[in-house]
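# Remarks on the overall topology
Residues per chain are reported as follows:
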Amino acid sequence: MLIRLLAIGTKMPAWIEQGFLEYAKRFPASCQLKLIEVPAAKRTKNSVIERLVEEEGEKLLAVIKPNHHVIALEIKGKMWSTEQLAAQLENWQNERRNIDLLIGGPDGLSNRCLQKAETKWSLSPLTLPHPLVRVILAEQLYRATSILQGHPYHR
């Protein structure tokens, strides 16, 4: 199984990259985690935010793989406990589906990205910094795989 995090933004702080890579390298061979960075639209004082979000959305849609299960990270999405996430992950593995997780930029995801998503997932009702979401996702997905493997990480 392949899980791809399609994330708006490049040139993240070193601690974000290190945090993501720390968890990504722990995944079992049967489940890989990869990060695909998509450049953010250039923001200026006079930028029209809606237009920038649409531009970023088009870039995300362009890198989605056919037949991948598309999940949008969305504050209004469904919240799962770690155990529920593990169950979802097991279902996707059983369906032999690869996953594309969409992480928007500072202004969120476009409507087209939300419409493309088969699933909408909320990590929290809190607004989280979009770079930090990469690390949180990597850790929670690793934790879910450790539950499925009976690994003691999740205690």
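So, a few notes on the structure that sits alongside this text.

Reading guide: rules and limits
- Residues numbered from 1 in each chain as written.
- Predicted model: local features only at pLDDT ≥ 70, side-chain atom pairs only at ≥ 80, totals over all residues.
- Heavy atoms only, no water.
- 1 Å grid on protein atoms, 1.4 Å probe; cavity = no way out; pocket = protein on both sides within 12 Å on 5 of 7 lines; lining within 4 Å.
- Points joined across faces, edges and corners; volume = space filled by probe spheres on them.
- Helix = DSSP H or I, 4+ residues; strand = E, 2+ residues; numbered from the N terminus.
- Nonpolar A, V, L, I, M, F, W, Y, C, P; charged D, E, K, R; others polar.
- Buried < 20%, exposed > 50% of the residue type's maximum accessible area, 1.4 Å probe, protein only.
- Polar contact = N/O pair within 3.5 Å; in protein donor to acceptor, adjacent residues only side chain to side chain.
- Contact = heavy atoms within 4.5 Å.
- Core = buried A, V, L, I, M, F, W, Y, C linked by side-chain atoms within 4.5 Å.

It is worth spelling out the layout of surface pockets at this point. Space inside the largest pocket adds up to approximately 440 Å³. Lining of the largest pocket is provided by 20 residues; of these, Leu73, Ile75, Thr127, Leu128 and Val133 occupy positions nearest its centre. Secondary-structure elements contributing two or more residues to the lining of the largest pocket are strand 3 (69-78) and helix 5 (130-149). No other element matches strand 3, which puts 3 residues into the lining of the largest pocket. Tallied by class, the residues present in the lining of the largest pocket amount to 11 nonpolar, 7 polar and 2 charged.

Mapped onto the elements of the fold, Thr119 is located in strand 5 (residues 119-121). According to the relative accessible area criterion, Thr119 is buried, its value standing at 15%. Of note is the side chain of Thr119, whose polar atom sits 2.8 Å from the side chain of His69. Residues contacting Thr119, with those up to four places away along its chain left out, are His69, Val70, Ile71, Ala72 and Trp80.

With 26 residues, the main nonpolar core has Ile3, Leu5, Leu33, Leu101, Trp121, Leu137 and Leu141 as its most contacted residues. Of all the secondary structure elements, the ones that give two or more residues to this core are strand 1 (2-8), helix 1 (14-24), strand 3, helix 3 (82-94), strand 4 (99-103) and helix 5. Among the elements that take part in this core, helix 5 stands out by supplying 6 residues, more than any other. Apart from the residues lying within four places of it in its own chain, the contact partners of Ile3 are Cys31, Gln32, Leu33, Lys34, Leu89, Ile99, Leu101 and Leu141. Among the nonpolar cores identified, the runner-up in size contains 13 residues, and Leu60, Leu61, Leu102 and Cys113 belong to it.

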